[in-house]
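The residues making up each chain are set out below.
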Amino acid sequence: MLYYITGGERSGKSSYAQNLALQLSDSPFYLATSRIWDDNHRKRIDRHIADRDKRWTSIEEEKELSKVIPENTVVVIDCVTLWLTNFFVDTKNDIEKSLYQAKSEFNKLLTLNTTLIIISNEIGMGVHATTEIGRKFTELQGWMNQHIAKHANKAILMVSGIPVEIKNSK
């Protein structure tokens, strides 16, 4: 089962995804995709880990998500935007190469016997990026979001803390 949770910044995506995971499992996994950029970022990540109770198992992986997800579990993947950033930086902002690599890894996730709750951002709904790199990343994010949503069993758009179901094809 694949749940796709998307929306704007601070729209309630993570809270919704974590509550859903706890409804589905007494011991869910939380897979953080963020690269640790500096000590302040590490402290922020440590705070997020501390915010989750003992029912959660935390995993950190920057790109190869399929290698760290245990079978027969419920896993929150947070988030596609940070995950794509890792590909985008490593390919020196090459949209095509980043999209190919991300889709290839995502497609491996589809073969796992697990429940995935994937969080993403709708960055293209906001202000138009002022830099070329920003515009390229917005395109990359939009194309990857479409790919994930296409394969999702359920898709939820979070708006001001309210979940709006946009796809349900159990």
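Anything mentioned here points back to the structure above.
What counts, and where the lines are drawn
- Residues numbered from 1 in each chain as written.
- Predicted model: local features only at pLDDT ≥ 70, side-chain atom pairs only at ≥ 80, totals over all residues.
- Heavy atoms only, no water.
- Pairing = 2+ DSSP bridges.
- Helix = DSSP H or I, 4+ residues; strand = E, 2+ residues; numbered from the N terminus.
- Axes fitted to C-alpha atoms, helices over the stretch in contact; angles between N-to-C directions.
- Contact = heavy atoms within 4.5 Å.
- 1 Å grid on protein atoms, 1.4 Å probe; cavity = no way out; pocket = protein on both sides within 12 Å on 5 of 7 lines; lining within 4 Å.
- Points joined across faces, edges and corners; volume = space filled by probe spheres on them.
- Nonpolar A, V, L, I, M, F, W, Y, C, P; charged D, E, K, R; others polar.
- Buried < 20%, exposed > 50% of the residue type's maximum accessible area, 1.4 Å probe, protein only.
- Core = buried A, V, L, I, M, F, W, Y, C linked by side-chain atoms within 4.5 Å.

### Structural notes on the sheet that holds strand E7 (residues 162-168)
Working step 1: What the seven strands build is an open sheet, ordered E3-E2-E4-E5-E1-E6-E7; its pairing is mixed. With partners counted over all chains shown, the strands left at the sheet margins are strand E3 (57-60) and E7, one partner each. On average, adjacent strands in this sheet sit at an angle of 20 degrees to one another, irrespective of strand direction.
Working step 2: Running at roughly 170 degrees to strand E5 (residues 115-119), helix H1 (residues 13-24) makes contact with strand E1 (2-7), strand E2 (29-32), strand E4 (74-78), E5, strand E6 (154-159) and E7 of the sheet.

### A short note on empty space enclosed by the protein
Working step 1: Per the stated rule, a full pass over the model turns up one cavity of 30 Å³ or more.
Working step 2: Reported here for the largest cavity is a volume of approximately 40 Å³.
Working step 3: Lining the largest cavity we find Leu65, Ile77, Val80, Trp83, Phe106, Leu109, Ile118 and Ile148.
Working step 4: For the lining of the largest cavity, the secondary structure elements donating two or more residues are helix H3 (80-90) and helix H4 (95-109).
Working step 5: Residues that form the lining of the largest cavity fall into these classes: eight nonpolar, no polar and no charged.

### A closer look at unusual backbone geometry
Working step 1: In the segment running from aspartate 78 into cysteine 79, the intervening peptide bond is cis, with an omega of 5 degrees.
Working step 2: A positive phi angle, close to 55 degrees, is found at lysine 92, a residue other than glycine.
Working step 3: Mapped onto the fold, lysine 92 is located in the loop between H3 and H4.
Working step 4: Residue classification places lysine 92 among the exposed residues on the basis of a relative accessible area of 71%.

### Some points on the pairing of E6
Working step 1: The buried fraction of E6 amounts to five of the six residues, a majority that puts the element mostly inside the structure.
Working step 2: Note that E1 and E6 share five bridges and pair parallel. Paired with threonine 6 across the strands is leucine 157, a residue of E6.
Working step 3: As judged from the six bridges shared by E6 and E7, these two strands associate in the antiparallel manner. Following the sheet pairing, lysine 154 is matched in E7 by asparagine 168.
Working step 4: In textbook terms, the turn of a hairpin is the stretch between consecutive antiparallel strands, and for E6 and E7 this stretch comprises two residues, one of which, serine 160, has a positive phi near 50 degrees.

### Considerations on the nonpolar core
Working step 1: Residues Ile77 and Met144 are the most contacted members of the largest nonpolar core, which totals 28 residues.
Working step 2: Those elements that place two or more of their residues in this core are E1, E2, E4, H3, H4, E5 and helix H5 (132-151).
Working step 3: Apart from residues no more than four positions distant in its own chain, methionine 144 is found in contact with Val80, Trp83, Leu84, Leu99, Ala102, Lys103 and Phe106.

### Observations concerning the layout of surface pockets
Working step 1: The computed volume of the largest pocket comes to approximately 850 Å³.
Working step 2: Taken together, 28 residues make up the lining of the largest pocket; nearest its centre are Arg10, Ser14, Arg44, His48 and Asp78.
Working step 3: Residue assignment for the lining of the largest pocket shows that the elements contributing at least two residues are H1, E2, helix H2 (39-51) and H3.
Working step 4: By residue number, the principal contributor to the lining of the largest pocket is H2, which donates six residues.
Working step 5: A breakdown of the residues in the lining of the largest pocket according to their chemical character gives eight nonpolar, twelve polar and eight charged.

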